[in-house]
Structure formats: structure tokens, C-alpha cells
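# Coordinates in review
These are the residues of each chain, in order.
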Amino acid sequence: MRKVILVIVCLCSIILVHAQERIEVDGLEGKGYYLETDWGKTYYEIYGEGQPLLILHGNGGSSKSKRYMTKEFAQNHLVIAMDARCHGNSTCPESDLDYFELAEDVYNLMEHLGHEKYAIWGHSDGGILGLILGYTHTDKIDRMLLSGANAQLQGLEPELIEIMSNFERIKDPMMKKHIKLMYDQKPIPVSELKKVSVPVMLMVGDRDAVKLDHTLDMFKALPMAQLCVLPGTTHFIENEKKEQLIYWFNEFEKPFKKPSTVEIAEQMAKVLFVDH
């Protein structure tokens, strides 16, 4: 009976499948792994050493698409780049994709790796997952840089929403699945964003897919947020402003500050204005 129970536990538990072949990125060595789950396998890669940094790719991307950024981050971090369901080398179940389920996949990987806290860089869809993790599993997060993220579908430019609404006409089944994920996005309420009690840098291009006023609304809702708007930049921030992204990520690792011009002015007023 004991052996039967052990077998059942092993089958039901999330387990690590042996490492894949060695990966080399510009002389930096890493390894790829699979984490087996109840829906399939999550693929992820690990490079470097130091504070854990989890990289979450955008819609249609993968850990491989972020490799050209890995060497920079791996200088001071243990870089963990994962493939979401139906992306890269991860399994693709038949069911529709859902951001909240994808966020739980990220949390399962966090728990499996066993680090106390993780820094996160999430872009686009990866940024959405970061927002969700920020209030569902705050205790696992140190800080987050979220680029091109939206908390609801209406946060995107209306022309893009119109294009996405035609996802049923896409012939490629995987691309259709990816676009449907974006179009069916369940909104993240402002009340939940207010629960994100870790430092967050919201990065957006001034010509992004995400509307600037929506990014500003998220900035105001997040208790510990900083805002970075990159000029002359579209949604593809890492391709267009790679150096800026790395610079601000490094700056954001410094102790969090939330300065107030109003508070400074009020202090100056106490000196300038004297009651007679």
C-alpha cells in the first residue's frame, strides 16, 4: 500500500525532468529544463548566478527570443527565462489560454526552484503576468520592471483591438490561439493593482500599443510605482531601446524612492512664508 501511495504522489506532483543540452549565448553557458505539470511541460532556461531574475516574454515570444538580452542580465543575476504555455518549447494544451492560468504557471516554477524572492522583467503579455503575480503572490517578488503591459483590453490602442477582433480569420492555429488570448483578456481591477506592495517600474514607449493614459492610470493605482516613458519608441522597446531598458533596470535595483515635488515645495514654503 505504501508503494502505491508513493507512486500516486509522484504522478500527481510537479517534478523536474532532466536537463536538456547545454546552451551557449555569446560565450555565456546555460541549461534548459522541463518542469512537468498536470497540463504538460513548462520549458525554462537558467544562466549566471546571483539574485534570481525571472524573464517573462511577450505574446508569441519565447525564452529563445530573449537570449540576446541574457548576457547583460546574467552579469549580476541568476537569469531564469521560461516559455509560457503554447510558446517556445512548452506544451500546448487544447484549451484556450488565460492570463491568470499562465500566471499560476509562473508561480509553480517559482515554487519549484525554491528561491525566496524573484526580480521580474515582464514584457507585454509577460508584464500582464507580472501585474497578476504582484497581488496574487506578492511574497515571492522583490521588484518588477514591466514594459508595454496593459491591465485590460481597452488599455490598448483601439485600432489594434479592431485588428485582434478578427482572430477567427487567422489560418495558423497557434497564432490564432495567441491573438485570442489578448482579445479575451479579463481585466485586472484597480482594487487589485492597489494591493501590489512591491516596487514596480512601468516602462512604455510614447508610441506604444498601450495607451499612455492607461499606463498613467496603472501608475497611479500601484502603491510603489515609478514611470518610465521612452521617447520615439513603439511597443518593441527591447529591440529599439535595449540600452535604455538595461540602464533603467539597473537603476531600479537601487533602493526604491518615491519623491514628491509637492512635499519639497511645502517644505520650502515653511521657510519662505513667515507669519508676522
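Parameters at a glance
- Residues numbered from 1 in each chain as written.
- Predicted model: local features only at pLDDT ≥ 70, side-chain atom pairs only at ≥ 80, totals over all residues.
- Heavy atoms only, no water.
- Helix = DSSP H or I, 4+ residues; strand = E, 2+ residues; numbered from the N terminus.
- Rg over C-alpha atoms; globule rule 2.2 N^0.38 Å.
- Buried < 20%, exposed > 50% of the residue type's maximum accessible area, 1.4 Å probe, protein only.
- Contact = heavy atoms within 4.5 Å.
- Areas by Shrake-Rupley, 256 points an atom, 1.4 Å probe, with all protein chains shown as cover.
- Pairing = 2+ DSSP bridges.
- Expected span 1.5 Å × (residues − 1).
- Right-handed = clockwise from strand over helix to strand, strands pointing away.
- Salt bridge = Lys/Arg side-chain N within 4 Å of Asp/Glu carboxyl O.

We now examine the overall build of the protein chain. A count of helical and extended segments in the protein chain gives 11 helices and 10 strands. Against the globule reference of 19 Å for 276 residues, the protein chain gives a C-alpha radius of gyration of 21 Å, in line with a compact fold. C-alpha atoms of the protein chain, sized along the principal axes, occupy 90 × 45 × 45 Å. Counting every position in the protein chain, which comprises 276 residues, the buried fraction comes to 47%. Here the analysis covers contacts within the protein chain between residues at least 6 apart in sequence; of these, 69% occur between residues at least 24 apart. Of the accessible surface of the protein chain, which amounts to about 14800 Å², a share of 55% is contributed by carbon and sulfur atoms.

Positive phi outside glycine occurs at Asp-26, with the angle close to 50 degrees. Residue position: Asp-26 is located in the loop between β2 (22-25) and β3 (28-36).

Now for the environment of Tyr-135. Secondary-structure assignment places Tyr-135 in helix α4 (residues 125-136). Spatially, the C-alpha atom of Tyr-135 lies 5.5 Å from that of Lys-195, the residues being 60 residues apart in sequence. Apart from the residues within four sequence positions on either side, Tyr-135 is in contact with Phe-100, Ile-188, Glu-192, Lys-195 and Val-196.

This part takes up the pairing of strand β4 (residues 41-48). Where β3 lies against β4, 7 bridges are found, and the strand directions are antiparallel. By the bridge assignment, Gly-30 is partnered in β4 with Tyr-47. The pairing of β4 with strand β6 (residues 77-82) spans 5 bridges and is classified as antiparallel. When the bridges of β6 are listed, Tyr-47 appears paired with Val-79.

This brings us to α4. An ideal rise of 1.5 Å per residue puts 16 Å on 12 residues; α4 measures up with 17 Å between its terminal C-alpha atoms. α4 sits mainly inside the fold: 11 of its 12 residues count as buried. Residues Asp-125, Gly-126, Gly-127, Ile-128, Leu-129, Gly-130, Leu-131, Ile-132, Leu-133, Gly-134 and Tyr-135 constitute the buried set of α4.

On to the pairing of β6, then. Within β6, 6 of the 6 residues are buried, leaving the element largely enclosed by the surrounding structure. The side-chain alternation of β6 yields two buried faces, one formed by His-77, Val-79 and Ala-81 and the other by Leu-78, Ile-80 and Met-82. Here strand β5 (residues 51-56) pairs with β6 via 6 bridges, running parallel. Counted as the bridge partner of Leu-54 is Ile-80 from β6. Handedness of the β-α-β unit built from β5, helix α2 (residues 67-73) and β6 comes out right-handed.

With that out of the way, let us pick up the pattern of salt bridges. Here the structure, examined in full by the defined rule, presents 14 salt bridges. A salt bridge links Lys-186 to Asp-98; the shortest N-O distance between them is 3.0 Å. One end of the pair, Lys-186, is in the loop between α6 (173-183) and α7 (190-193); the other, Asp-98, is in the loop between β6 and α3 (99-113), and 88 residues separate them in sequence. Exposure remark for Lys-186: the relative accessible area of 47% places this residue in the partly exposed category. A single network of salt bridges, built from pairs that share partners, joins Arg-22, Glu-24 and Glu-29.

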